[in-house]
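Each chain, letter by letter, is given below.
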Amino acid sequence: MRVTLPKNLLAERIALLERVIPSRSSNPLLTYLGLAAEKDALVLFGSNGEVDLEVRLPAQLEGEGRYLIPSQPFFQLVRSLPGETVELSLGSELALASGRFTTRLALAPMEGYPELLFPDLEGGEGAFTQRAQFLAEELQRALSQVRYAASNEEYRAIFRGVQLEFSDRGFRAVASDGYRLALFDLERPQPFTKKAVVPARSVDELVRVLRSAEGEVVLALGPGTLGLAVRQEEGALRMAVRLMEGEFPDYERVIPKEFPLKAALDVEPFREALKRVSVLADKQNHRVDLFLEEGRVLLSAEGDYGKGQEEIFVSLEGAPMSLAYNARYLLEALAPLSGRAELGFSGPTSPTLVRPLEEGGYQAVVVPLRV
């Protein structure tokens, strides 16, 4: 089999596979990059056992076949090739040429490599029986704006994932680690009702692929697997990630509905003041105190290096209140927001709701520190 294609296109697409394919694995074949020829397209594929990814590129092809090539040297070589085009010849070994550079790499047998299943872009029959369509930009925003709230602790079990909820009311992505919660709603009614929890690390890969995509994408569910299919001007991407077993407990009960105090504020100056004051917070729980009264919020923190405070003017509705937060948690809840936001305070030790002042789909819940 012979393949000729632009070097820049190849380098751009293997960058997507580079983070998926491991440099070490209990199954050595997973450290190899798969390569195949199908209908005037070069197909590159790889897996780490949790995430499978396939990239299709337009290319000049002669012959056919499926091969496994050592991924790490191939990735390094492609990035530094001197020519504008790349020529690949595959048989008993891989011959690679670009400009005046040539090399040969040994191949591994396909026997023993796991079968990778992906959703069909055309909606044909297969393992992925439930399908939904999104705009790449809106799905990427929904996933990336809640990902921060997922737990990094092994003992948190199901909370190490992001729950995706499909229903006739719309689509929701939600994450929580028990101390804060973030959710994003899309007003896009779904053709089926289902909840699926995607490992947070796999969500990172989904977001990375979606950032490179434009237009409509397909999300599809199969047994224990979530699939993503993207058609692009230059080729297509297909992805499959393993799902976690179970679903989140009832998180709706921690979202406050009544607020003795509400604050409307400009996000950027409040966020910058919080960053400055938190520099002096204690290193154990990053405590920053907020005192809200008469159209202002006073932020203060004290730690080993001293104390600091700053005053920000806000619009308040309700009774004065004093609260303390882990500054990092509050900053992360504010990170997806711009313009103006509303903070709804349900009490000094009960959850606080953070959301855009106008409709935006995003909401976050942060629990104040008990002091």
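First, a word on scope: everything that follows refers to the structure included in this document. (Residues numbered from 1 in each chain as written. Predicted model: local features only at pLDDT ≥ 70, side-chain atom pairs only at ≥ 80, totals over all residues. Heavy atoms only, no water.)

### What to know about the overall build of the protein
1) Next: Across its full length, the protein carries six helices and 26 strands.
2) Next: Along the first, second and third principal axes, the C-alpha atoms of the protein reach 75 × 50 × 35 Å.
3) Next: Considering the protein as a whole, with its 371 residues, one finds that 51% of them fall into the buried category.
4) Next: As displayed, the protein offers around 18200 Å² of accessible surface, 46% of which is attributable to carbon and sulfur atoms.
5) Next: The protein carries 42 positive and 53 negative side-chain charges, and their two centres are separated by 3 Å. (Helix = DSSP H or I, 4+ residues; strand = E, 2+ residues; numbered from the N terminus. Buried < 20%, exposed > 50% of the residue type's maximum accessible area, 1.4 Å probe, protein only. Areas by Shrake-Rupley, 256 points an atom, 1.4 Å probe, with all protein chains shown as cover. Lys, Arg positive; Asp, Glu negative; His and termini not counted. Charge placed at Lys NZ, Arg CZ, Asp CG, Glu CD.)

### Here's the deal with the pattern of salt bridges
1) Next: Tallied over the entire structure, the rule returns 29 salt bridges.
2) Next: Its salt-bridge partner being E38, residue R66 comes within 3.9 Å of it at the nearest N-O pair. Taken together, the residues span a long stretch of sequence, with R66 in strand β6 (residues 66-70) and E38 in strand β2 (residues 32-38) at a distance of 28 residues.
3) Next: Overall, the relative accessible area of 43% leaves R66 in the partly exposed class.
4) Next: The network of salt bridges with common partners includes E38, E54, R56, R66 and R238. (Salt bridge = Lys/Arg side-chain N within 4 Å of Asp/Glu carboxyl O.)

### Re the sheet that holds strand β13 (residues 180-186)
1) Next: If you walk across this open sheet you meet the nine strands as β14-β11-β12-β13-β26-β25-β24-β18-β22, and the pairing is antiparallel. Looking at strand neighbours, the two that pair on one side only are β14 (194-199) and β22 (315-318), the edges of this open sheet. Ignoring which end each strand starts from, the neighbouring axes of this sheet average 15° apart.
2) Next: Pairing geometry for strand β11 (residues 161-167) and β14, over six bridges, is antiparallel. (Pairing = 2+ DSSP bridges. Axes fitted to C-alpha atoms, helices over the stretch in contact; angles between N-to-C directions.)

### Some details on the sheet that holds strand β9 (residues 101-106)
1) Next: A sheet is described by the order of its strands in space; here five strands give the open sequence β5-β1-β7-β8-β9, paired in antiparallel fashion. For this open sheet the edge positions go to β5 (60-62) and β9, each flanked by a neighbour on one side alone. Between one strand axis and the next, the sheet turns through 15° on average, direction left out of account.
2) Next: Bridging between strand β8 (residues 93-98) and β9 involves six bridges; their strand directions are antiparallel. Its bridge partner being in β9, E93 is matched across the sheet by A106.
3) Next: Docked against the sheet, helix α1 (residues 7-18) engages β1 (2-6) and β7 (85-90), running at close to 90° with respect to β1.
4) Next: Seen against the sheet, helix α2 (residues 71-79) touches β7, β8 and β9 and runs at an angle of roughly 170° to β9. (Contact = heavy atoms within 4.5 Å.)

### What about the side chain of Q163?
1) Next: With respect to the helices and strands, the residue Q163 is situated in strand β11.
2) Next: Judged by its relative accessible area of 0%, Q163 is buried.
3) Next: Within the structure, Q163 has its side chain in polar contact with the backbone nitrogen of F248 (distance 2.7 Å).
4) Next: Apart from the residues within four sequence positions on either side, Q163 is in contact with R172, A173, V174, K195, A196, V197, E247, F248 and Y251. (Polar contact = N/O pair within 3.5 Å; in protein donor to acceptor, adjacent residues only side chain to side chain.)

### A short note on the environment of E12
1) Next: Residue position: E12 is located in helix α1.
2) Next: Look at E12 and you get partly exposed, because its relative accessible area is 47%.
3) Next: As a C-alpha pair, E12 and V207 span 195 residues in sequence and 16 Å in three-dimensional space.

### Regarding the packing of aromatic side chains
1) Next: On inspection of all chains with the given rule, the structure shows six aromatic pairs.
2) Next: With 4.9 Å between their ring centres and 70° between their planes, F134 and F171 make a pair best called edge-to-face. With a gap of 37 residues between them, F134 in strand β10 (residues 130-135) and F171 in strand β12 (residues 170-176) connect regions that are remote in the sequence.
3) Next: According to the relative accessible area criterion, F171 is buried, its value standing at 1%.
4) Next: Its end group placed over the ring of Y329, R180 keeps NZ or CZ at 4.2 Å from the ring centre. (Phe/Tyr/Trp six-rings, centres within 6.5 Å; stacked < 30°, edge-to-face > 60°. Lys NZ or Arg CZ within 6 Å of the ring centre and 35° of its normal.)

### A word on α2
1) Next: Buried residues of α2: S71, F74, F75, L77 and V78, and no others.
2) Next: Contacts from the buried residues of α2 go to α1, β2, β6, β7, β8 and β9.

### Let's talk about unusual backbone geometry
If a residue is not glycine, its phi is most likely negative; likewise, a peptide bond is most likely trans.
1) Next: Of note, the phi angle at H286 is positive, near 55°, even though the residue is not glycine.
2) Next: Tracing the backbone through its elements, the reader meets H286 in the loop between α5 (267-278) and β19 (287-293).
3) Next: The backbone phi angle of E294 is positive, close to 50°, even though this residue is not glycine.
4) Next: Inspection of the secondary structure assignment puts E294 in the loop between β19 and β20 (296-303).
5) Next: Residue classification places E294 among the exposed positions, given a relative accessible area of 75%.

These values are about where atoms sit, not about what they do.
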